[in-house]
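# Analysis of the macromolecular model
Read off the chains here:
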Amino acid sequence: TTHKIAVIPGDGIGPEVVNEAVKVLELLKKLDPSFEIEFETFDWSSEYYLRHGKMMPEDALDTLKKYDAILFGAIGDKRVPDDVTIWELIMPIRKNFKQYINLRPVKLLKGVPCRYMDENIDFVIVRENAEGEYSNSGGRLYPGMEQEIAVQNTIITRTGTKKVARFAFEYAKRQGKRTVTSATKSNAIIHSMKLWDEAVNEVGKDFPAIHLQSYYIDALAAYFVLRPGDFEVVVASNLFGDILSDLGSAVVGGLGLSPSANLNPEGDFPSMFEPVHGSAPDIAGKGIANPIAQIWSAALMLEHLGREDLAAVILDAIEQVLVQKEVRTPDLGGSSTTSEMGSSIRAAIQQL
Ligand code: NAI
Ligand code: MG
């Protein structure tokens, strides 16, 4: 069957890096007759907003629903407020398509200059993506006054937490991993985080072969830096997962190398694949953005579509190019362009 992909390049470096990722997928289609894929590109972006007064058309979600997956670049433009771009485009997609898992691999690729070269860093962060600390429940009392108070509620549900935990354990099982690490803070946050712990423990009982360890988030942040090689699957609430993801990304080489997946595990709706980075206005238009995060995000998409084999080919090719050290974008200390990096990765795929 043909995989139908909706492509949303977005703003800034988004279109520059998405272009390279699509070319990689097109090459794989050419090389492997069993791999059929079709793209439809949507120009929903800040540019679109400036012309139409909205980030995407009214029926955008109905349109997207018909695709097997969404490949997303990045959005953000100085001419449109960031909360508009995010809340009118990314959030409606994540929420309506029940993409309640945010999956971020933290893997030290071969050939990446990094202080942890001797460690085998290869784990994933499974972040709760729909509830938790990022709720709009709460408010402010006595605005502007000395005695002003703000209350921001965290919503942790047993069902929501069990679903993320189950995803984490099942992922661990599928990948042959032995440990799931839960990020908590139930010593200080005694209502929501205790429920988190209970729900995660309850799910853990269904996976006797997998060891569950819980760490307080502050200690866990330190362990990410001190012994990042120790983790396999880390499961965390929305806020904790957000912070750990950026920390994880920094530990293994930075934003240019960090992919992510927003997953609807049930497959009722399309999942969305995007680099962790934004539209990088400081380098946009210069053709020097690192396309690896985007290309790797496309590899995560292939994994989700059941083509782990092709995802592995992409990762091997990326590592080959990094190991050769000849072609590197400025974020990795080189002077190559986005398209040179993309072409070398495609050349490496053809050699494999
Ligand atoms: P950013 O990720 O766009 O950039 C941070 C720094 O990393 C910049 O110096 C940039 O040049 C560098 N960088 C990012 N990606 C790179 C790549 N592929 N290759 C080389 N260098 C790279 O984050 P920032 O500056 O905080 O936000 C810029 C805009 O992006 C804002 O409008 C923000 O709202 C938006 N944004 C959008 C996201 C999304 O679409 N999911 C996520 C994060 C930010
Ligand atoms: Mg973040």
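Numbers given to residues run from 1 along each chain, matching the order in which its sequence is written. Lettering of chains starts at A and numbering of ligands starts at 1, both following the order in which they are written. The predicted nature of this model means local features are confined to residues of pLDDT at least 70 and side-chain atom pairs, given and counted, to a pLDDT of 80 or more, with totals for whole chains, interfaces and linings taken over all residues.

Numbering of helices and strands runs from the N terminus; a helix is a DSSP stretch of H or I covering at least four residues, while a strand is a stretch of E covering at least two. Per the secondary structure count, the protein chain includes eleven helices and twelve strands. In this description the radius of gyration comes from C-alpha coordinates, and the expected globular size is given by 2.2 Å times residues to the power 0.38. For 352 residues, the compact-globule estimate of 2.2 N^0.38 gives 20 Å, and the protein chain sits close to it at 20 Å. Any residue pair is listed as a contact if its two C-beta atoms, each placed from the backbone, are within 7 Å. Taking the intrachain contacts of the protein chain between residues at least 6 apart in sequence as the baseline, contacts between residues at least 24 apart amount to 76%.

Attention now moves to the packing of helix 5 (residues 158-174) against helix 6 (residues 192-204). What counts as an axis is a line fitted to C-alpha atoms, over the stretch in contact for a helix, and the angles between N-to-C directions run from 0 to 180 degrees. Remark: helix 5 packs on helix 6, axes separated minimally by 8 Å, with the N-to-C direction vectors making an angle of 45 degrees. On the basis of their axis angle, the class for helix 5 and helix 6 is oblique. The handedness of the crossing between helix 5 and helix 6 is right-handed. For the pair helix 5 and helix 6, contact is made by R158, T161, K162, A165, R166 and F169 and by L195, W196, A199, V200, E202, V203 and G204, respectively. Polarity classes work like this: nonpolar for Ala, Val, Leu, Ile, Met, Phe, Trp, Tyr, Cys and Pro, charged for Asp, Glu, Lys and Arg, and polar for all others, with Gly in that last group. Residues of the contact of helix 5 with helix 6, tallied by class, amount to seven nonpolar, two polar and four charged. Working rule for angles: under 35 degrees goes down as roughly parallel, over 145 as roughly antiparallel, 65 to 115 as roughly perpendicular, anything else as oblique. Two helices crossing with the near one rotated counterclockwise from the far one by less than a right angle form a left-handed crossing, whereas a clockwise rotation gives a right-handed crossing.

Here is the check we use: build the C-beta atom from the backbone, and if it is within 6 Å of the molecule or strand, call the residue near. Within the structure, ligand 1 sits among 21 residues, and G76, G256, H277, G278 and N290 are positioned closest to it. At the level of secondary structure, the elements contributing two or more residues to the shell around ligand 1 comprise helix 1 (13-31) and helix 4 (82-96). Across the shell around ligand 1, the residue classes tally to eleven nonpolar, six polar and four charged.

Let's shift gears to the domain arrangement of the protein chain. One frequently used descriptor of interface size is the decrease in accessible area upon assembly of the parts. What fixes the domain bounds is an automatic or database domain assignment. One can read the domain layout of the protein chain as domain 1 (1-109 + 255-352) and domain 2 (115-119 + 130-251). Inter-centroid distance (C-alpha atoms) of domain 1 to domain 2 is 26 Å. Listed by partner, the interface residues are eleven residues for domain 1 and ten residues for domain 2. The dominant element in the side of domain 1 that touches domain 2, judged by the number of residues it contributes, is strand 4 (residues 101-107), at four residues.

Time to look at helix 7 (residues 217-226). Of the positions making up helix 7, those classed as buried are I217, L220 and F224. Down the axis of helix 7, the buried side of the element spans an arc of 55 degrees, and every buried residue falls inside it. Seen from the buried face of helix 7, the exposed residues on the opposite side, beyond 90 degrees, are D218, A219, A222, V225 and L226. Where helix 7 is buried, its residues contact strand 8 (179-184), strand 9 (211-216) and helix 8 (238-251). Exposure criterion: with C-beta atoms placed from backbone coordinates, a residue whose C-beta has 20 or more other C-beta atoms within 10 Å is buried, one with 12 or fewer is exposed, and one in between is partly exposed. Read the arc as the range of directions from the helix axis to the C-beta atoms.

Glancing now at the sheet that holds strand 11 (residues 259-263). Only when DSSP finds a minimum of two bridges between them are two strands counted as paired. Strand order in the open sheet formed by ten strands is 2-1-3-12-11-4-5-10-8-9, and the pairing between neighbours is mixed. Whereas interior strands pair on both sides, the edge strands pair on one side only; in this sheet they are strand 2 (37-41) and strand 9. Between one strand axis and the next, the sheet turns by 25 degrees as a mean value, whatever way the strands run. When strand 5 (residues 122-128) meets strand 10 (residues 233-236), the two strands line up parallel, connected through four bridges. Looking at strand 10, one finds that R127 is bridged to A236.

Right, let's get into helix 1. Taking 1.5 Å per residue as the helical rise, helix 1 with its 19 residues ought to reach 27 Å, and the 28 Å between its terminal C-alpha atoms agrees with that figure. Among the residues making up helix 1, those that are buried are I13, G14, E16, V17, V18, E20, A21, V22, V24, L25 and L28. Each residue after the first adds 1.5 Å to the expected span of a helix.

Counting buried residues in strand 12 (residues 271-275) gives five out of five residues, a clear majority hidden from the surface. Alternating residues of strand 12 divide into S271, F273 and P275 and M272 and E274, and every residue in both groups is buried. In this sheet, strand 12 lies alongside strand 3 (residues 69-74) in parallel orientation, the contact comprising three bridges. Bridging across to strand 12, A69 finds its partner in S271. Pairing between strand 11 and strand 12: four bridges, direction antiparallel. Paired with A261 across the bridge in strand 12 is F273.

As a further point, take the packing of helix 1 against helix 9 (residues 292-304). Here helix 1 crosses helix 9 at 45 degrees, and the two axes come no closer than 8 Å. Of the possible angle classes, the one that applies to helix 1 and helix 9 is oblique. Regarding helix 1 and helix 9, the two cross each other, and that crossing is right-handed. On helix 9, the residues touching V17, V18, E20, A21, V24 and L25 of helix 1 are Q294, I295 and A298. Here the residues of the contact of helix 1 with helix 9 sort into seven nonpolar, one polar and one charged.

A few words now on unusual backbone geometry. One non-glycine residue, K98, adopts positive backbone phi at about 45 degrees. With respect to the secondary-structure elements, K98 resides in the loop between helix 4 and strand 4. The class for K98 is partly exposed, based on 18 C-beta atoms found within 10 Å. Here K325, not a glycine, exhibits a phi torsion of approximately 65 degrees, which is positive.

Our next topic: the nonpolar core. Ranked by internal contacts, the top residues of the largest apolar core, which has 98 residues, are I70, L71, V126 and A168. At nine residues, helix 9 tops the list of elements feeding residues into this core. A domain split of this core shows at least three residues from each of domain 1 (1-109 + 255-352) and domain 2 (115-119 + 130-251). Ignoring any residue separated from it by four or fewer positions in sequence, one finds A168 in contact with V126, V180, V233 and V235. Joined through C-beta atoms within 7 Å, a set of buried Ala, Val, Leu, Ile, Met, Phe, Trp, Tyr and Cys residues constitutes a nonpolar core.

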